[in-house]
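One-letter residues, chain by chain:
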Amino acid sequence: MTLEQGIFILASLLMLGSALAMVTARSMFVAALWMIGTFAGVAVLFILLNAGFLGIVQILIYIGAIAVLILFAIMLTPDVMGLKPGPRYTGQWPLAAVMASTLAAVIVLLLVRAGNDWHIADAAPNVTDFAVQLGEAFMTTYLLPFEVASGVLLVALIGALVIVRDE
Amino acid sequence: MSSIPLNWYLIVAALLFCIGLFGALSRRSAIGILMGIELMLNAVNINLVAFWRYVEVDGLAGQMFAIVVITVAAAEAAVALALVRALYRSRDTVTVEEIDLLKW
Amino acid sequence: MQQLDRLFILIGDWFHSLLAQWLPEPVVSAIGMLLSALIIMTIAAVTMLYMTYLERKVVARIQDRIGPNRVGPFGLLQPLADGIKMFTKEMIVPTQAHKVVYNIAPVLAVTPAMMAFAVIPFGRDMVASDLDIGLLYLIAVSSVTEIAIVMGGWASRNKYSLLGGMRAAAQMLSYEIPMVLVLLSLVLMVGSLRLSDFVDVQTVPFILLQPFAFIVFLISAAAEVARSPFDIPEAESELIAGYHTEYGGMRFALFQMAEFVAALGMACIMVTLFLGGWRSWIIPLPSWLWFVIKTFILINVWFWFRGTFPRLRIDQLQALAWKFLVPASLLHAIMTAVLVTFFPLVKDGQLVVQGAEWLTTTVVYFVANVVLLFVLMLLYRPYVRRTVRQLRVATPAAAARQQEVQAA
């Protein structure tokens with residue numbers, strides 16, 4: 001087992017373990033903290049995949065913004081302290097569990113059977129300065145997605161403001 | 001060549017997706033559902049970046065796609081939390097089972 | 001001189017070759033990395049200890065007091081005494097607290113503050129890890145601290161702590177935006193996210209080229225690390241001590257340390273981005289010494305802030321961020337984009353401004369910044385006046401005075 005594989009296994013365990021803890025946590029606040037653990041694991045995976053830029057962006061946006069936002073929202077709901085949590089799940093949770101585990105079983109089975117039968121490009125990425133590359137691509141080839149994404153952000157910003165505004 | 005097979009990433013991402021799916025389908029709190037959805041989006045991102053790294057490494061489409069997904073996730077979180085906040089103010093609950101105004 | 005400049009690098013090389021006699025290369029470089037991380041962290045911690053001393057001294061002088069002077073000469077051993085006191089205190093966990101989260105929070109607060117030092121160039125060729133996305137890394141790392149603070153506030157199960165945590169989250173989220181926008185204009189000028197590139201470009205420090213950006217960054221950075229006048233998350237007079245009300249002993253010390261180390265880190269970042277990093281000004285001293293001097297100056301500026309400005313209210317704080325700093329920094333970024341097209345500093349990774357051209361470039365950028373500030377002041381004048389008028393009426397004393405005037 002190489003060092004890379006070791007890191008991968010550790011990060012995956014951290015990620016999947018915190019994801020499981022997240023969906024089973026009783027208190028919403030603790031669940032959100034576990035979610036942060038999952039995000040951190042995903043960031044490590046990105047860095048392992050030579051996408052360091054995305055890894056940092058993952059930390060910046062998911063942990064620094066989305067997770068804080070969610071923590072903040074939890075603090076604005078009843079039972080902030082999580083002292084008397086009600087039931088965690090709706091009545092349909094067994095069904096959901098069966099569905100999710102079936103789906104997981106099917107996908108994993110398929111992937112295992114497919115083995116390494118992918119058209120794998122046997123090369124490491126030949127660019128090193130991803131920030132510059134991505135920036136240029138956003139201004140040329142991928143201008144439309146970039147503009148659409150910024151439009152979505154703007155609309156979401158205004159929409160969120162309108163929704164929470166006091167009458 | 002990386003020493004980790006592509007399969008490993010895909011399997012891990014699939015598991016993460018299914019955990020997120022379970023969270024989104026079963027949680028009582030609306031915020032819990034939102035968190036489940038965020039996990040699913042993350043799983044998708046892992047897949048996108050993994051395929052970019054192993055199959056289509058010359059372009060940047062995979063990373064691009066992941067960045068757009070992250071953007072959309074951020075927008076979604078903002079709007080969803082605004083909705084939760086508004087719901088809590090008008091209905092005094094964030095439990096999805098009690099938000100049944102349209103269920104007659 | 002050159003030997004002195006490269007002092008630490010020479011020591012490092014000597015140590016490296018010493019170890020290489022007995023150990024294989026990968027192990028040696030691993031040990032080297034660990035050691036440099038350890039040294040940087042130790043230096044940060046020790047500096048933090050003496051920052052507390054310095055802060056107390058400076059603020060005491062501002063308030064016409066003497067400050068700590070009992071322990072050791074000039075009270076120099078005071079921080080150590082405080083440290084020992086913190087170490088030996090009983091560790092109390094509130095019975096209602098969420099134990100795990102309560103215990104993790106202080107550690108999680110210190111870690112990102114320390115991590116920021118990994119990418120800062122302390123001197124010529126003295127940077128632990130010269131990431132090509134160093135600036136982004138810094139922003140990402142500094143945004144993790146707020147989670148620790150929210151965790152601490154929530155896990156204490158105390159209303160004041162919770163309020164402090166929420167305020168901290170709100171404050172840091174809002175001030176990150178102007179900070180990043182100002183950084184955007186700097187990145188436009190340099191065309192890179194690597195911190196050593198920033199130092200290379202600054203023949204003239206950016207504080208002269210972009211004074212407005214520096215002011216906005218100084219304010220946002222103070223808010224980001226919750227220095228006064230933005231120490232609202234821990235306002236003693238309203239929240240007892242905010243998120244660390246329920247913390248004592250070593251855990252409290254860790255929170256305190258996180259705060260000071262983050263402030264130190266911010267000062268280092270500002271030195272790198274605006275004051276030309278390790279570049280020497282006029283007097284040729286070793287590069288790392290210049291870095292230390294500049295950092296020291298900036299830290300003192302923050303101490304003066306603390307001694308001078310009264311604390312803002314939470315709504316004033318948010319108003320400052322969203323109504324002034326965000327639009328202002330956005331305008332500034334647009335202005336910089338226009339300036340960069342006509343007066344570029346860097347083209348294709350090469351510095352294009354040479355010699356006397358620096359004078360014109362600096363003047364153009366400086367004037368543009370001042371004009372922007374002037375325009376903004378004009379735009380905000382009615383708003384400021386209205387707010388001031390409201391504040392005047394709001395205090396009982398002022399209302400009474402007004403009534404007197406009317407009666408007369």
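Quantities reported herein were computed from a predicted structural model and do not represent experimental measurements. (Residues numbered from 1 in each chain as written. Chains lettered and ligands numbered in written order. Predicted model: local features only at pLDDT ≥ 70, side-chain atom pairs only at ≥ 80, totals over all residues. Heavy atoms only, no water.)

### Brief notes about the overall build of chain C
Step number 1: For chain C, the helix and strand inventory stands at 17 helices and 2 strands.
Step number 2: Taken over C-alpha atoms, the radius of gyration comes to 23 Å for chain C, in line with the 22 Å a tight globule of 408 residues would show.
Step number 3: Seen through its C-alpha atoms, chain C measures out along the principal axes to roughly 90 × 60 × 40 Å.
Step number 4: Counting over 408 residues, chain C shows a buried share of 49%.
Step number 5: Sequence-distant contacts in chain C: of pairs separated by 6 or more residues, those separated by 24 or more amount to 75%.
Step number 6: Total accessible area computed for chain C in this model is approximately 20,000 Å², and 70% of it derives from carbon and sulfur atoms. (Helix = DSSP H or I, 4+ residues; strand = E, 2+ residues; numbered from the N terminus. Rg over C-alpha atoms; globule rule 2.2 N^0.38 Å. Buried < 20%, exposed > 50% of the residue type's maximum accessible area, 1.4 Å probe, protein only. Contact = heavy atoms within 4.5 Å. Areas by Shrake-Rupley, 256 points an atom, 1.4 Å probe, with all protein chains shown as cover.)

### Structural notes on the overall build of chain B
Step number 1: Scanning chain B from terminus to terminus reveals 3 helices and 0 strands.
Step number 2: Seen in sequence order, chain B has helices and strands lined up from the N terminus as α-α-α.
Step number 3: For chain B, whose C-alpha radius of gyration is 17 Å, the value lies well above the compact-globule estimate of 13 Å for 104 residues.
Step number 4: Here the C-alpha coordinates of chain B stretch approximately 55 × 25 × 20 Å along the principal axes.
Step number 5: Relative to its full complement of 104 residues, chain B shows a buried share of 59%.
Step number 6: Partitioning the intrachain contacts of chain B with sequence separation of at least 6 by distance along the chain shows that 60% fall at a separation of at least 24.

### Observations concerning the arrangement of the chains
Step number 1: Between all 2 pairs of chains that are in contact, chains A and B come out with the most contacts.
Step number 2: The smallest C-alpha distance separating chain B from chain C is 13 Å, and no contact links them.

### Regarding the interface of chain A and chain B
Step number 1: If you look at the interface, chain A gives 86 residues, while chain B gives 71 residues.
Step number 2: Regarding the contact of chain A and chain B, the summed buried area is about 7,100 Å², with carbon and sulfur atoms giving 78% of it.
Step number 3: Taken together, the connections running from chain A to chain B amount to 0 salt bridges.
Step number 4: Listed by contribution, the elements that provide at least two residues to the side of chain A that touches chain B are helix H1 (3–24), helix H2 (28–48), helix H3 (52–75), helix H4 (93–114), helix H5 (130–139) and helix H6 (143–164) of chain A.
Step number 5: Of the residues forming the side of chain A that touches chain B, the biggest block, 12 residues, is contributed by H1 of chain A.
Step number 6: Class assignment of the residues belonging to the side of chain A that touches chain B gives a composition of 64 nonpolar, 17 polar and 5 charged. (Buried area = accessible area lost by both parts, 1.4 Å probe. Salt bridge = Lys/Arg side-chain N within 4 Å of Asp/Glu carboxyl O. Nonpolar A, V, L, I, M, F, W, Y, C, P; charged D, E, K, R; others polar.)

### Some points on helix H4 (residues 78–88) of chain C
Residues and elements named next belong to chain C.
Step number 1: If you check which residues of H4 are buried, you get Gln78, Pro79 and Met86. All buried residues of H4 fall inside an arc of 95° around its axis, so they share one side. Facing away from the buried surface of H4 by more than 90 degrees, the exposed residues are Ile84, Phe87 and Thr88.
Step number 2: Looking at the buried side of H4, the elements it contacts are helix H3 (25–62) and helix H13 (249–274). (Arc of directions from axis to C-beta.)

### Let's talk about the environment of isoleucine 84 of chain C
Step number 1: By the secondary structure assignment, isoleucine 84 of chain C is in helix H4.
Step number 2: For the pair formed by isoleucine 84 of chain C and phenylalanine 117 of chain C, sequence separation is 33 residues and the distance between their alpha carbons is 26 Å.

### Things to note about helix H11 (residues 211–224) of chain C
Residues and elements named next belong to chain C.
Step number 1: In this model, H11 (14 residues) spans 19 Å end to end at C-alpha, consistent with the 20 Å of a helix rising 1.5 Å per residue.
Step number 2: All of the buried residues in H11 are Pro211, Phe212, Ala213, Phe214, Val216, Phe217, Leu218, Ser220, Ala221, Ala222, Ala223 and Glu224.
Step number 3: Just downstream of H11, alanine 226 is the residue with a positive phi angle, here 55°. (Expected span 1.5 Å × (residues − 1).)

### Describing the environment of leucine 87 of chain B
All names here are of chain B.
Step number 1: On the secondary structure map, leucine 87 appears in helix H3 (residues 61–91).
Step number 2: On the basis of relative accessible area, leucine 87 is assigned to the partly exposed category, the value being 26%.
Step number 3: Separated by 12 residues in the primary sequence, leucine 87 and isoleucine 99 have C-alpha atoms spaced 8.4 Å apart.

### Looking at unusual backbone geometry
Step number 1: In this structure, asparagine 50 of chain A takes a positive phi of about 65° despite not being glycine.
Step number 2: Unusually for a residue other than glycine, aspartate 64 of chain C sits at a positive phi of about 60°.
Step number 3: Summarising the element assignment, aspartate 64 of chain C is placed in the loop between H3 and H4.

### Here we look at the packing of aromatic side chains
Step number 1: Counted according to the given criterion, the structure contains 13 aromatic pairs over all chains.
Step number 2: Summarising the aromatic geometry, the rings of phenylalanine 29 of chain A and tryptophan 154 of chain C are spaced 4.0 Å apart at their centres and angled 10° between planes, so their arrangement reads as stacked. Within this pair, whereas phenylalanine 29 of chain A is found in helix H2, its partner tryptophan 154 of chain C is found in helix H7 (residues 145–155), the two belonging to separate chains.
Step number 3: Linked through ring pairs, Phe8 of chain A together with Trp8, Tyr9 and Tyr54 of chain B together constitute an aromatic cluster. (Phe/Tyr/Trp six-rings, centres within 6.5 Å; stacked < 30°, edge-to-face > 60°.)

### A short note on a nonpolar patch on the surface
Step number 1: Residues Leu359, Val363, Phe366, Val367, Val370, Val371, Val375 and Leu379 of chain C make up a contiguous nonpolar surface patch of roughly 700 Å² in combined accessible area.
Step number 2: Mapped onto the elements, phenylalanine 366 of chain C comes out in helix H16 (residues 357–394). (Patch = residues over 30% accessible without salt bridge, like charges linked within 9 Å, V, L, I, M, F, W, Y side chains within 5 Å.)

Read these as spatial facts, not as claims about activity.
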